[in-house]
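Secondary and tertiary structure notes
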Amino acid sequence: MIDVHYWTTPNGHKITIFLEEAGLQYKLFPVNIGKGEQFKAEFLAISPNNRIPAIIDHEPAGGGKPISVFESGAILLYLADKTGKFIAKDLRGRTATIEWLFWQMGNLGPMAGQNNHFSNYAVEKLQYAMDRYRNEVNRLYGVMNKRLADRPYLAGDYSIADMACYPWVAIWERQHQNIEDFPHIKRWLAAIKARPAVIKAYEWTPKINPGHGGVRTAEERAILFGQTSQSVAAAAQRAQ
Ligand SMILES: N[C@@H](CCC(=O)N[C@@H](CS)C(=O)NCC(=O)O)C(=O)O
């Protein structure tokens, strides 16, 4: 059994997609990040960066104590290695999968996150910041579109690299992008969206977070966008 500390966001969906695809047994532990539950001591013990997702694998390979993993890319790699699924076994294929997984983690995820912030959440609309991140996401979609021009999925076969990218591309409208400009991504998106496991993974959203729709209240804004090292220190003090 795998415990998934989860919220209904792109980084959360990556993990439920993998677990549904692989047919692994899992239990969701919702962490309502708008309410500050990412600062609870039990969660910080497995996710010191106060971000979802994190997992606990109660049956790690080779036995022994449960293993916890935080960072969605590390979790996907851990689960792929555990199951031998959705990562190529040959050196070249494995390297390509890891390359595109890290590309998502280091480029598409952070840029799309900031794009979301400045265009959709920031009260003060800063044109420079909005342009900067929209353009960067636009460039990254261009990189991805080119990569998909001559192969069905990012590393050839469907893999954890695609699972990492999908939730950040599925929201292209909120990213202020036009999918018609990226025909290879459009085809890739439709193929992944139709997968039964992906449909099941997204079915958690209305069940876990019926009011889903982003950050709305001043309280949510303060919790999510007002964090400093003081937030980390205060959480550590409360845990004592
Ligand atoms: N690099 C991290 C990013 C995780 C992340 O940003 N999670 C967001 C939700 S998508 C979160 O937990 N935010 C809570 C907060 O900002 O306090 C990963 O991929 O796991």
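Being a predicted model, the structure only gives us computed values, none of them experimental.

1. Digging into the overall build of the protein
Helix and strand counts for the protein come out as eleven helices and four strands. The C-alpha atoms of the protein give 18 Å as radius of gyration, which agrees with the globular expectation for 240 residues (18 Å, within 12%). Seen through its principal axes, the protein has C-alpha atoms that stretch 55 × 55 × 30 Å. Per-residue burial for the protein yields a buried fraction of 47% across its 240 residues.

2. Topic: the domain arrangement of the protein
Quoted interface sizes are often the accessible area lost when the parts come together. Once the domains are mapped, the protein shows domain 1 (2-85 + 199-239) and domain 2 (91-195). Taking only C-alpha atoms, the centre of domain 1 and the centre of domain 2 are 21 Å apart. Listed by partner, the interface residues are 20 residues for domain 1 and 19 residues for domain 2. Here domain 1 and domain 2 share an interface that buries about 1700 Å² over both sides, 67% of which is from carbon and sulfur atoms. Among the residues of domain 1 in contact with domain 2, Pro10, Lys14 and Glu21 are the three that bury the most area, contributing 27% of the side total. Inspection of the region where domain 1 meets domain 2 yields two salt bridges. For Glu21, the salt bridge goes to Arg195, with nearest N and O atoms at 2.7 Å. Joining domain 1 to domain 2, the criterion identifies seven residue pairs in polar contact (both at pLDDT 80 or more). Looking at which element gives the most residues to the side of domain 1 that touches domain 2, the answer is helix H1 (residues 10-22), with seven residues. Residue composition of the side of domain 1 that touches domain 2, grouped by class: ten nonpolar, five polar and five charged.

3. Points about the packing of helix H4 (residues 91-121) against helix H6 (residues 160-169)
At a closest axis distance of 8 Å, the pairing of H4 and H6 adopts a crossing angle of 15 degrees. Relative to H6, the element H4 is oriented roughly parallel. Judged by the twist between their axes, the crossing of H4 over H6 is left-handed. Contacts between H4 and H6 involve Thr97, Trp100, Leu101, Trp103, Gln104, Leu108, Gly109, Ala112 and Gly113 on the former and, on the latter, Ile160, Ala161, Ala164, Cys165, Trp168 and Val169. Within the contact of H4 with H6, the residues separate by chemical class into eleven nonpolar, four polar and no charged.

Procedures and definitions
Residues numbered from 1 in each chain as written. Predicted model: local features only at pLDDT ≥ 70, side-chain atom pairs only at ≥ 80, totals over all residues. Heavy atoms only, no water. Helix = DSSP H or I, 4+ residues; strand = E, 2+ residues; numbered from the N terminus. Rg over C-alpha atoms; globule rule 2.2 N^0.38 Å. Buried < 20%, exposed > 50% of the residue type's maximum accessible area, 1.4 Å probe, protein only. Domains from an automatic or database assignment. Contact = heavy atoms within 4.5 Å. Buried area = accessible area lost by both parts, 1.4 Å probe. Salt bridge = Lys/Arg side-chain N within 4 Å of Asp/Glu carboxyl O. Polar contact = N/O pair within 3.5 Å; in protein donor to acceptor, adjacent residues only side chain to side chain. Nonpolar A, V, L, I, M, F, W, Y, C, P; charged D, E, K, R; others polar. Axes fitted to C-alpha atoms, helices over the stretch in contact; angles between N-to-C directions. Parallel < 35°, antiparallel > 145°, perpendicular 65-115°, else oblique. Left-handed = near helix turned anticlockwise from the far one by under 90°.

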